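# Survey of secondary and tertiary structure
Here are the chains, one letter per residue:
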Amino acid sequence: MSLPSLLSQHIVRRPQRIALLQHIAEQGSITRAAKSAGLSYKAAWDAIDELNNLAQKPLVERAVGGKGGGGARLSSEGERVLRLYQKLQALQAQVLEAAEDASDLDLLGRLMLRTSARNQLHGKVVAIDGQGRNDLIRLELAEGLWIDAQITHDSTVHLELQPGTEVVALIKAGWLELLAPEQAATSGHNLLSGTIEAILDAEDGPSEVRIALPNGQILCALAEPLQLRTRGLSVEQPVQVQFSPSNVLIGTPL
């Protein structure tokens, strides 16, 4: 039952998010699953997006506006991950009992870093191009999409990156710029095309925009409502997302 290593580590580090899959399987609704898991509706969507982005195939298939406030069901890959999680639960008690001291668990918690970056995309290094003191790292995402990340050569060495290395690309929501389909992108920037899945307005700040990519991964961007209107961007409409390679951070499993 092999899984992408980054998703496997996520299961170990944040099992409460994997447990959400069980609630979705039982409830068939994002709203009811969130309530059963003790999460807000938004937190449940965020968890699903994160899981889908780390997996090679989407774990949850969604239908906005379904029965109970957004129908949802597990994909075959999601059912497979859930079976693995259930096995993990059976082993968890044994792991806790094996800890020699309570401080052992505190140490593990410090080593397992969380990040504030909203966009965490599973990918694989396919090429490394040296550019002076920097390297341009080409990452292949699911279904053949790709992006570039620019990091220092020292970071490439420290992370032991080479073609075939699995990584997580971290991109803050504020670093993404939304463009209309006909707009020209900035030279040298990454450019991904997708569809606006949802726009969550805020009273005192930019709107949160969720963009579904063709490979099933989700991007989260921030945009001012005026900018969205000016560029004719709305829910269920196509959109382009551009961002600089220097704004793509790379993480690898410990």
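Before reading further, recall that the structure is shown in the block above.
Everything quoted here is computed from the prediction, not taken from an experiment.

Residue placement: T165 occurs in the loop between α7 (153–158) and β6 (166–171). Setting aside anything within four residues of it in sequence, one finds T165 in contact with G123, K124, V125 and E160.

Moving on: helix α3 (residues 30–37). Those residues of α3 that sit buried are I30, A33 and A34. Looking straight down α3, one finds its buried side chains confined to an arc of 100°; they lie on one side. Taking the backbone nitrogen of T31 as reference, a side-chain oxygen 3.3 Å away marks S29 as the first, capping residue of α3. G38 occupies a position one or two residues after α3 and carries a positive phi of about 75°.

Each aromatic ring pair is described using two quantities: the centre-to-centre distance and the angle formed by the ring planes. Counted under the stated rule, the structure contains 1 aromatic pair. Arranged with centres 5.9 Å apart and planes meeting at 70°, the rings of Y41 and W45 form a pair that is edge-to-face. Of this pair, Y41 and W45 both sit in helix α4 (residues 41–54), 4 residues apart, which is roughly one turn of that helix. The class of W45 is buried, set by a relative accessible area of 8%. In this arrangement the basic side chain of R138 is found over the ring face of W146, its NZ or CZ atom lying 3.4 Å from the centre.

Attention now moves to the side chain of E77. Mapping E77 onto the fold places it in helix α5 (residues 76–98). A distance of 2.8 Å separates a polar atom in the side chain of E77 from a polar atom in the side chain of R80.

On the basis of relative accessible area, T165 is assigned to the buried category, the value being 16%. The spatial distance from the C-alpha of T165 to the C-alpha of T252 is 8.4 Å, given a sequence separation of 87 residues. In terms of polar contacts, T165 uses its side chain to reach the backbone carbonyl oxygen of Q162, at 2.9 Å.

Reading guide: rules and limits
Residues numbered from 1 in each chain as written. Predicted model: local features only at pLDDT ≥ 70, side-chain atom pairs only at ≥ 80, totals over all residues. Heavy atoms only, no water. Helix = DSSP H or I, 4+ residues; strand = E, 2+ residues; numbered from the N terminus. Contact = heavy atoms within 4.5 Å. Buried < 20%, exposed > 50% of the residue type's maximum accessible area, 1.4 Å probe, protein only. Arc of directions from axis to C-beta. Polar contact = N/O pair within 3.5 Å; in protein donor to acceptor, adjacent residues only side chain to side chain. Phe/Tyr/Trp six-rings, centres within 6.5 Å; stacked < 30°, edge-to-face > 60°. Lys NZ or Arg CZ within 6 Å of the ring centre and 35° of its normal.

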